[in-house]
Structures are given as structure tokens and as C-alpha cells.
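The lines below spell out each chain.
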Amino acid sequence: MVVSIGHFDTDQDEFVIEGRLHNGAAVPGSSDDWEQWVTTFRGAPHDIDQEYHRIEHQSRLDRQIIDRPAAHPRDEYSLMMKMKTPYQMASIRPPRSEYETLKTIAADASQLTLPPQNELESSPLSIRRYSGPSDGQPLSFVIIYETGHVAVHARENCAYEGQYQFAISDDVVSDLVGCVYESGFGSLSHTYLGSKDSLAATSLGFCAGTNQQWVYAYTDPPPNAFSTVDDAVRSASGIDLFETGDHEAIRSTLTSGRPAAALSLLAQNTDLIEEIPHEAVLAGIETGIQSDPDRTKYVALEVLSNVQSTVPDRLWEAVCTIESDHPDLIQKVTSTTTVVVATKPELVDDLAASLLETLRTDDPRRRTAALESLKSVSEHQPRVLIDALPAIETILTDGRTSDQRTALDAVLSLAKAEPEHVEPLASTLLTFIDERTLPIRSSAIVGHLAKARPDVAVPAIETFGEWLDAEESRIRANGLAILADLAGTYPERLRRYVPRAREFLLDEDELVKYNATSILARVATVDPDAVEPATDALREALSADHPPTQQNACWALGRIGAYESLSELQALREHTDVEDVRAAATAGAVLLSLSECPRCDERIKPHQVSVAVYESMKARWECPRCDYSTVIQGSD
């Protein structure tokens, strides 16, 4: 890094350069920010993504580095964005209190040396490379951190521009550090540059804490130490892949056993995946998902999710057995495998077992990731939730609202497919309903459960009745829907809600009308007089543009003995194209055509008669007193 020292001439509206500092380590200042960032970075490998967002944002701001060496990636990037071709030049405007100090430092800058190797263990390390663009040379920026994480920014004249992050092994990092010391990198002379001195475009930096040693290729040919370290950095970072885009080099890297750089390139340039030999891509993915760094696994999964050709089962099996503590990777494994869950359900068991184990941890971020992943899998294989229900109940009882919402979404998948398995959560769900906690989700689950076990929902009938007067339309609709389901088993208990059901017949929502007619048709089997005031509205429902609503109206009119609707039922039976509607119209018409039993002479009460329709136009009815039955042709 070449730092220009000077001042801003307000009269000329320009920055006047008075000298340049030939290294980035002589400006004094605090390293607190650097230490704090390194601590965070070590603990969360994926935070480099967030760091790059900050880097990119910072580079767009008109800020100058004024109080410390460029030890922070976003600061280095900010300086880099101000480079003037073909040199890496960055200008700083120092505060008045530091101006004279900086001028003195620039004038008296002396050679720097590498820190003793025995100090490296206590200092955060990174090796950096800046290059271009001179005479068409690619402009690129590489940082290799002691953690093994690599950040690459490929810019002008690079084949694949963009920001890339991946990880390399500890051994490679150790070898690279050893190369820096063994090459004589620290013994090369560093000189103060005057305001008109030139500098070639490539530079290498070795950073230990706030101690930075920068070497520039300012001679032709460059010093041997520079070439040695530069070659090692290029090899470790795979920068040639991004600068040249050579397909053979990409293929070779994918099959080398160290595919991280190539996988990172493919993940952000997905068109390349089909241009590289399929076997090489699969080999790189397989090595990547079996590697130690979470980042490499993550990027390998990103490439896998964009592969259009056939993927062998062994690769999917390897994906499903990935274990990680990192929430992002947990979710990535799930999102990648859901594409084959429906067609390869046998792969789910290993994945579900791993997610269930993570769901039981105390780490809230990991638990949330596992829960969201189980939700995704349950959309294809709902039964994976059965063993997870105890852990889910704990989340519903003590978890965060966001986790409770996700848990209910997952349980809803199981409730739709096999509602009887949700019964262990009934008490918790009824508490949610009573307190109106996430009422839409909790009531939807109870609604499905009530279809299999209606008795479970009986304690909430009064609560659902209160929902009918709620301001939110979805809560009213859900309450009405569950009451409609319960009316099939407990029509007497739903009798008092008939007046409200009649009102809902005027609703514009067809589903609301359907649930209202369901209550009326079912209560009519025990108390037709209570339903009779809804006759006119039920007759209008015969023409609804919703076949299930028409069916309910047919049954309700027949049960309450609405003889004035007989002709309408007969007309509907003759003209409808919906078989179930024709059958319901036949049943309604038969109920209205009965007067007394031929065997016992008992007067027929339509709501007490059992009617079964088959072949759409035939109905068998049975006398409730003497068990007499006969078949009536609907057209009779």
C-alpha cells in the first residue's frame, strides 16, 4: 500500500501531495477495532460475508483513513477503491493534530522487518496481495487469514469479476507463513518514495496484528523473495482461476483434493457448471462436502443445488450425513436435499436424525436452524416430526415467538397428513387458542386434529364461539370452520351458534358460506326448527358458485322439511354437472317427498331419516322406527 501524505488546498480545491509512505505500518493508532473483529471472525466463519457487505458499503463512502494502519479489511478496501492506474495509490487527509507527525514519519520512514516467529501465536495473522491493473493486468485483491479463510475480490480485467470467500486447510496456511520467513521476504529494503516516484502494480503484505510488512515488485525482474511468496499466495488462493477463467485449471482444481477455490467460482458463476466436465464437478462437490471447513461444505452444496445433470445417490447420502454446529450450514443441507426428498425418501432418515439431535441443543441459533430445516423436510415427509414432538412442545411452551411460529407451521404439515399424531400437543394448542397466541396457526392444527379426534377440541367450543365476533376476519373464519367440523359429531352443542351461522350466509367469502351451511346442515339433523329461519338464505345458496356449499344447502333444506324448495332441488339435480351436487340434491328431494312409512304408518320426519345416495340418482332411505328401507329413483 502506498499512502500519500498531504493537505487539502481549499483555494485550489485539490489534495496537495507532500510525500508518500512506502508501507502501511508506520501510521500510529489504536488496534482495538482490529482485535475485536478478529475475535468475532474466529468464532463465526460465515461472518466474512457480512464483513464483505460492510467492505462494499464503506468503499462507496467518501472517507479517508486517518488514525491507524490499514489493519481492517474494510479500510484496506476503501483505500484500494481509490487507486489510480497503474499504481496502488491511496490518499489520506490527516487531522490537524496528527499532520506534523505524519509528515515526519513519511520523511524518516525506515525499513521494517518481520516480527519474530515466536510472536505469531499471539497475533492475528493475514497475508495479502494487491495486483493491477497495469497494461491490462487483472486488478485483484486477496486476503488469506490465519483461520484458513480466503477473501478474493476480482475486478477489472479478470475473467470472473466478483467477491469470493472460501477456506483452505491449516497446513496450507502454515506452509505459506513458513514460505514468507524462509524466502527472505522481510530482508528486502523499503524506501521512502517521493511524490514523483513510480511503483509497479503488484504488492504483497504480511500482517501480524498491527505490524505489517509490505513488499512491492518495483524492480524488473522483481526480487526472488517477492516471486517466491507471490507464487505461493497465488497457488493457495487460486487467484488465477478468477483472473483467467481457464477451464482446464478449474477442472484440475476440482479434482485436486483441494477444490474450495473452484467451488467458490462455480457457486457464483453457475453457467460454468455445465461447461466443466460433469465428473470433475461431482468430484469437487464430493470432496467439498467431506472436508472439515463449514464454508467449503456450504459452497459445495451451493454448487450441487445448481447441477442440472444426474447426481449419484452416494452424493446425496453424503449430504444427508453432514454434521455441523453452524446454523447457516444446517439450513443449507436441508434446502439442498429437499429437491430429492420426495423422490428419495430413504435419504431423509439420516438427515432427520441429525436435525432432531440439533433441535435438543441449548444453542438458540442452532435450534432455530434445525427447526426451520425440519419444517422444510416435513412439507415432503411429515412423519419426520413425530419423534420431534416432545422437543417441539418445549419450544411451544418456552420458545421465542418466531420459533413458535415455525414450530406450528411444521406441525401443521403433520396435522394435514396424519392428524392423530398431533394429539400429544392438544393441551398446549388449546392454551394457545384460549390466549389467542398465534391463533391462525394453532386453530388450523386443532381443526385438522378435530377431524380425527373431535373430542379433543370440545373444551374449546366456547372459545371458538367467541372468535365469531372477533375483528380479524381470519380469526372469525377459522373459528367458524372448526365449529363446522365439530357440528358433525356434536350438533346439539352447536345449536346456539345457528343464528350466527345464518348471518355468515351473507358473507362474500365462499369458504365462510360453506362452513356456515355445514353448521346449519348438521344442526338440522337434531333441531330442524332452529335452522328453519334460514330457509330463504339456504335456497339462495343452491345457486352458489361453490359445489360443497350447494351440497350442504341441499341437505339442510331436506332436513328442515322446506317443501317449497322441492322444485329447486329437482331442477338442480337435473342440470348440475357436479356428481356430488346431484347426489345431494337427490337426497334433499327424497327427504321432502316422504310422508309416512309404508310398513308402520309412522309419519316421517325428514331430519330423522337415514338416506344414502348412489349412482347419483338413486336413494335408499330407512325408517327410524321399524327399520324399513327402500330404494327410490331420483327421477320418480
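For the structure itself, consult the block above.
A brief report on the enclosed structure follows. (Residues numbered from 1 in each chain as written. Predicted model: local features only at pLDDT ≥ 70, side-chain atom pairs only at ≥ 80, totals over all residues. Heavy atoms only, no water.)

The helix and strand tally for the chain stands at 29 helices and 12 strands. A total of 636 residues make up the chain; the buried ones form 53% of that total. Summed over all atoms, the accessible surface of the chain reaches about 28,500 Å², with 43% contributed by carbon and sulfur. (Helix = DSSP H or I, 4+ residues; strand = E, 2+ residues; numbered from the N terminus. Buried < 20%, exposed > 50% of the residue type's maximum accessible area, 1.4 Å probe, protein only. Areas by Shrake-Rupley, 256 points an atom, 1.4 Å probe, with all protein chains shown as cover.)

In this section: helix H15 (residues 364-378). Relative to the 21 Å expected for 15 residues at 1.5 Å per residue, H15 spans 21 Å between its end C-alpha atoms, a close match to the ideal helical length. Residues Arg 366, Thr 368, Ala 369, Ala 370, Leu 371, Ser 373, Leu 374, Val 377 and Ser 378 constitute the buried set of H15. Among the residues of H15, the N-terminal cap falls to Asp 363, whose side-chain oxygen and the backbone nitrogen of Arg 365 are separated by 3.0 Å. (Expected span 1.5 Å × (residues − 1). Polar contact = N/O pair within 3.5 Å; in protein donor to acceptor, adjacent residues only side chain to side chain.)

Now for the nonpolar core. Core analysis: the largest hydrophobic core is formed by 147 residues, its most contacted members being Phe 242, Leu 359 and Ile 392. Discounting residues that sit within four places of it in the chain, Ile 392 has contacts with Leu 359, Leu 371, Leu 385, Ala 407, Val 411 and Leu 425. Counting 14 residues, the second largest nonpolar core, distinct from the first, contains Leu 594, Val 611, Trp 621 and Ile 632. (Core = buried A, V, L, I, M, F, W, Y, C linked by side-chain atoms within 4.5 Å. Contact = heavy atoms within 4.5 Å.)

Moving on: the pattern of salt bridges. The tally for this structure, following the rule as stated, stands at 21 salt bridges. Residue Arg 453 is joined to Glu 423 by a salt bridge in which the shortest nitrogen-to-oxygen separation is 2.6 Å. On the criterion of sequence distance, the pair formed by Arg 453 in the loop between helix H19 (439-452) and helix H20 (454-457) and Glu 423 in the loop between helix H17 (401-417) and helix H18 (426-435) is long-range, its members being 30 residues apart. Glu 423 gets classed as partly exposed once you look at its relative accessible area, which sits at 30%. Of the charged contacts, one joins Arg 500 and Asp 469 as a salt bridge, the two residues approaching to 3.2 Å between their closest N and O atoms. Of the two residues, Arg 500 is situated in helix H23 (residues 498-504) and Asp 469 in the loop between helix H21 (461-467) and helix H22 (473-487); the sequence distance between them amounts to 31 residues. By relative accessible area, which is 57% here, Asp 469 ends up exposed. Linked through salt bridges whose partners overlap, the residues forming this network are Arg 234, Asp 240 and Glu 243. (Salt bridge = Lys/Arg side-chain N within 4 Å of Asp/Glu carboxyl O.)

Turning next to the packing of aromatic side chains. Summed over all chains, the structure comprises three aromatic pairs. Ring centres of Phe 166 and Phe 242 lie 6.2 Å apart, and the angle between their planes is 20°; on these two criteria the pair is classed as stacked. Placement of the pair is Phe 166 in strand S7 (residues 162-167) and Phe 242 in helix H7 (residues 239-244), with a sequence separation of 76 residues. Summarising the burial analysis for this pair, Phe 166 and Phe 242 share the class buried. Both rings, one in Phe 464 and one in Trp 467, keep their centres 5.2 Å apart while their planes meet at 85°; by these two values the pair is edge-to-face. Here the residue Phe 464 and the residue Trp 467 both occupy positions in helix H21, the gap between them amounting to three residues, near one helical turn. The residues Phe 464 and Trp 467 share a single accessibility class, namely buried. Chaining the aromatic ring pairs together yields one cluster made of Tyr 164, Phe 166 and Phe 242. We note Lys 332 situated over the ring of Tyr 298; from NZ or CZ to the ring centre the distance is 5.5 Å. (Phe/Tyr/Trp six-rings, centres within 6.5 Å; stacked < 30°, edge-to-face > 60°. Lys NZ or Arg CZ within 6 Å of the ring centre and 35° of its normal.)

Two elements in contact, helix H16 (residues 389-398) and H17, have axes separated by 9 Å at closest approach and are oriented at 140°. In terms of orientation, H16 lies oblique with respect to H17. Remark: the crossing between H16 and H17 carries left-handed chirality. From H16, Leu 389, Ile 392, Ile 395, Leu 396 and Thr 397 reach across to H17, where they touch Asp 403, Gln 404, Ala 407, Leu 408, Val 411 and Leu 414. Taken together, the residues of the contact of H16 with H17 break down into eight nonpolar, two polar and one charged. (Axes fitted to C-alpha atoms, helices over the stretch in contact; angles between N-to-C directions. Parallel < 35°, antiparallel > 145°, perpendicular 65-115°, else oblique. Left-handed = near helix turned anticlockwise from the far one by under 90°. Nonpolar A, V, L, I, M, F, W, Y, C, P; charged D, E, K, R; others polar.)

Turning to the sheet that holds strand S12 (residues 629-633), a few remarks are in order. An order of S10-S11-S12 is seen for the three strands of this open sheet, with the pairing classed as antiparallel. Either end of the sheet is taken by a strand with one partner, and the two such strands are strand S10 (610-614) and S12. Averaged over neighbouring strand pairs, the angle between their axes works out to 20° when direction is ignored. As judged from the five bridges shared by strand S11 (residues 618-622) and S12, these two strands associate in the antiparallel manner. (Pairing = 2+ DSSP bridges.)

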